[in-house]
Amino acid sequence: MSSTSPHSPDIARFPVLPPGFVFGTATASYQIEGAHDEDGRGPSIWDTFSHTPGRTQGGATGDIACDHYHRYPEDVELLRRLGVDSYRFSVAWPRIQPQGTGPANAKGLDFYDRLTDTLLEAGVSPAVTLYHWDLPQALEDRGGWRVRETAEAFAEYTRLVVERLGDRVGRWITLNEPFCSAFVGYAEGRHAPGAREGTGALAAAHHLLLAHGNAVRVLREAGASQVGITLNLDRIHAASSSPADLAALRRAETLHNEVWTEPLFNGRYPTDESETWGELADGSYRRDGDLDTIGTPLDFVGLNFYRPLTVSDAPYAEADASRRTAMDIRVAESDPYGTRHTTMGWPVVPEAFTELLVDLSARYPNLPPVYITENGSAEADTVSPDGAVRDTDRVAYLRDHVAAVSAAVDAGVDVRGYYCWSLLDNFEWARGYGQRFGIVRVDYDTQERTPKDSYHWFRELITVNRASTQEH
């Protein structure tokens, strides 16, 4: 680990959040752990996907990633030095059940047991995500999220994890970004399992929500007091006020947001399903009682945000309705923002973050408290001759987006915490290792960790907020 002295860029400013506000960082199992075939871990859909030629940039895989499985004490020490209140990590389902069902793999549970204890010893509260996209391949072979049996298997997996960690983990997240699992994985094909389907992707969305509801009930039975889900909802604008573009906006809202928010917070399915998907939304995968399970009350909702969307009306990409995917909804995206972009090509529009939070709170009066479970940026970091990592653009992004959260709080939105994405540079899914989101740089050849300027800025942000709390 580098011992480079801290450097505070002039750009740094420190928004102040309310007393008790939680600051943390987040990671995901497949993106950092490595050890893909050690200690009884079975293959996941991301192992299969990344080992398939042409699926990931440069043929990158998560076989080694950040080697967190072996280096977690060093990473926890980084968290301790950072001064965060909490660390959000995910459990790899195939470490616990290599085939997706059956008895627990003891060595898999042992790893997360050690990680949890090490975090607590460092004064960092663990926040556990049960599913961050690494479905056991054996379950995908039996239908994956397209079939109800996977949602039922998720309940048993949840039970195994909470029985082991529930005495020490205070915050539980069932799913991370089910939009990406269902639509990017089963409709767009850009993520694992790489499918391009219509009704199959909509069935996956439903079964992910059902799995969430099943898991909430298991967690409640085990005594968990803080249970939620993480959604990547989008702030979406229409390119114009024309009736066609406004109709496209409604379809985009259905696809990106209301598939999740309506069942979770309104106890119903989206009202514009037929307009959005036509015959693809046949509901054949639904059963009586599913909405009751999905809508089991939550203690919080996690929200991930990176950039807004602007949409307009467009023709179908696929003229043949029988070959149409669930992403093909007569909507085109554009980029009118005229602002800086991250290296992912995403526009930096922090005010859209405030708008999203305020709108969500107004739309759903029964919305539970919100935690920002991911927010951050991929940037072109530079390494100075003295070894310091300069990432001024990331510092500016974090500063402005934390300020956007503060503005939402001032507007009355009940936001309780902010988790920066990500602690470490890592495997960025289909984009491989070309995009760096970490506030700690990882040299993938040597596995050396070097805190960046943004790490030092985030530490000062936490210090300023704690001092402000003490003053009041």
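See the structure shown above.
Note that the structure is a prediction, hence the values are computed from the model and not measured.

Asks: How should the overall build of the chain be read in this particular structure?
Replies: Scanning the chain from terminus to terminus reveals 15 helices and 15 strands. Taken over the C-alpha atoms alone, the chain extends approximately 60 × 55 × 45 Å along its principal axes. Here the contacts in the chain between residues at least 6 apart in sequence split such that 77% fall between residues at least 24 apart. Looking at the chain as shown, the accessible area adds up to about 17000 Å², and 48% of this sits on carbon and sulfur atoms. Looking at charge distribution, the chain has the averaged site of its 44 positive side-chain charges lying 1 Å from that of its 68 negative ones.

Asks: I would appreciate a short explanation of the sheet that holds strand S13 (residues 415-421) in the present structure.
Replies: Two orientations exist for strands paired in a sheet by backbone hydrogen bonds: parallel and antiparallel. Overall, parallel pairing links the eight strands, which are arranged S1-S2-S3-S4-S5-S7-S10-S13 in a closed barrel. Neighbour-to-neighbour, the strand axes of this sheet turn through a mean angle of 25°, independent of strand direction. As defined by bridge partners, strand S1 (residues 22-26) adjoins strand S2 (residues 86-90) across three bridges and the pair is classed as parallel. For Gly24, the partnering residue across the bridge sits in S2 and is Ser86. Across the sheet, helix H13 (residues 350-363) is in contact with strand S7 (300-304), strand S10 (370-374) and S13; its angle to S10 comes to roughly 140°. The strands touched by helix H14 (residues 392-410) are S10 and S13; relative to S13, the strand with the most contacts, the crossing angle is about 165°.

Asks: Looking at this model, I keep getting lost on the pairing of S13. Mind explaining?
Replies: The side chains of a regular strand alternate, first on one face of the sheet and then on the other. Across the seven residues of S13, six count as buried, placing the element largely inside the fold. For S1 and S13, the ladder comprises five bridges, and the chain directions are parallel. Of the residues in S13, the one forming a bridge with Thr25 is Cys420. Alignment of S10 against S13, held across three bridges, turns out to be parallel.

Asks: Looking at this model, I keep getting lost on the pattern of salt bridges. Mind explaining?
Replies: Note on pairing: side chains with opposite charge can pair once their charged atoms come close. Evaluation of the coordinates by the stated rule reveals 40 salt bridges. With a closest N to O distance of 2.7 Å, Arg95 and Glu33 form a salt bridge. Of this pair, Arg95 sits in helix H4 (residues 93-96) while Glu33 sits in the loop between helix H1 (29-32) and helix H2 (45-50); the two residues are 62 residues apart in sequence, bridging distant segments of the chain. Here the two residues Arg95 and Glu33 agree in accessibility, since each one is buried. For the salt bridge of Glu188 with Arg190, the shortest nitrogen-to-oxygen distance reads 3.2 Å.

Asks: Would you take a moment to explain the packing of helix H7 (residues 148-165) against helix H9 (residues 199-221) for this structure?
Replies: The description of two helices packed together rests on the angle between their axes and the distance between the axes. At a minimum axis separation of 8 Å, H7 and H9 run at an interaxial angle of 30°. In terms of their interaxial angle, H7 and H9 are classed as roughly parallel. Every pair of crossing elements has a handedness; the one defined by H7 and H9 is right-handed. In this structure, H7 contributes Arg148, Ala151, Glu152, Phe154, Ala155, Thr158, Arg159 and Val162 to the contact, and H9 contributes His206, His207, Leu210, Ala211, Asn214, Ala215, Val218, Leu219 and Glu221. Taken together, the residues of the contact of H7 with H9 break down into nine nonpolar, four polar and four charged.

Asks: Teacher, can you tell me more about the packing of helix H5 (residues 106-121) against H7 here?
Replies: Here H5 crosses H7 at 45°, and the two axes come no closer than 10 Å. With respect to their mutual orientation, H5 and H7 come out oblique. Crossing of H5 against H7: the hand is right-handed. Only Leu160, Val161, Arg164 and Leu165 of H7 make contact with H5, whose side of the interface consists of Ala106, Leu109, Asp110, Tyr112, Asp113 and Thr116. Its residues placed into classes, the contact of H5 with H7 shows six nonpolar, one polar and three charged.

Asks: I keep staring at the environment of His132 and nothing clicks. Help me out?
Replies: Tracing the backbone shows His132 in the loop between strand S3 (125-131) and helix H6 (137-141). On the accessibility criterion, His132 (1% relative accessible area) is buried. Separated by 173 residues in the primary sequence, His132 and Phe305 place their C-alpha atoms 16 Å from one another. The residues touching His132, leaving out its near neighbours within four places in the chain, are Thr27, Ala28, Gln31, Arg88, Ser90, Asn176, Glu374, Trp421 and Trp429. There is a polar contact of 3.0 Å between the side chain of His132 and the side chain of Asn176.

Asks: Just to check I follow, could you spell out the nonpolar core for this structure?
Replies: The tendency in soluble globular proteins is for nonpolar side chains to be buried side by side. By size, the foremost hydrophobic cluster in this structure holds 140 residues, and its most contacted members are Phe183 and Phe458. Looking at this core, the element that brings in the most residues is H9, giving 13 residues. Ignoring sequence-local partners within four residues, the contact set of Phe183 consists of Glu188, Gly189, Ala201, Leu202, Ala205, Leu255, Val259, Trp260, Trp277, Ala326 and Met327. One finds Ile236, Leu249, Ala252 and Val311 within the second-largest nonpolar core, a separate group that totals five residues.

Asks: Could you clarify how one ought to interpret the sheet that holds strand S8 (residues 309-313) in this entry?
Replies: Taken together, the three strands give an open sheet; going across it, the order is S6-S8-S9, and neighbouring strands pair in mixed fashion. Sheet topology places strand S6 (236-238) and strand S9 (331-334) at the edges, where each strand pairs with a single neighbour. The mean angle between the axes of side-by-side strands here comes to 40°, regardless of whether they run parallel or antiparallel. Relative to S9, S8 is paired through four bridges, and the arrangement is antiparallel.

Calculation rules
Residues numbered from 1 in each chain as written. Predicted model: local features only at pLDDT ≥ 70, side-chain atom pairs only at ≥ 80, totals over all residues. Heavy atoms only, no water. Helix = DSSP H or I, 4+ residues; strand = E, 2+ residues; numbered from the N terminus. Contact = heavy atoms within 4.5 Å. Areas by Shrake-Rupley, 256 points an atom, 1.4 Å probe, with all protein chains shown as cover. Lys, Arg positive; Asp, Glu negative; His and termini not counted. Charge placed at Lys NZ, Arg CZ, Asp CG, Glu CD. Pairing = 2+ DSSP bridges. Axes fitted to C-alpha atoms, helices over the stretch in contact; angles between N-to-C directions. Buried < 20%, exposed > 50% of the residue type's maximum accessible area, 1.4 Å probe, protein only. Salt bridge = Lys/Arg side-chain N within 4 Å of Asp/Glu carboxyl O. Parallel < 35°, antiparallel > 145°, perpendicular 65-115°, else oblique. Left-handed = near helix turned anticlockwise from the far one by under 90°. Nonpolar A, V, L, I, M, F, W, Y, C, P; charged D, E, K, R; others polar. Polar contact = N/O pair within 3.5 Å; in protein donor to acceptor, adjacent residues only side chain to side chain. Core = buried A, V, L, I, M, F, W, Y, C linked by side-chain atoms within 4.5 Å.

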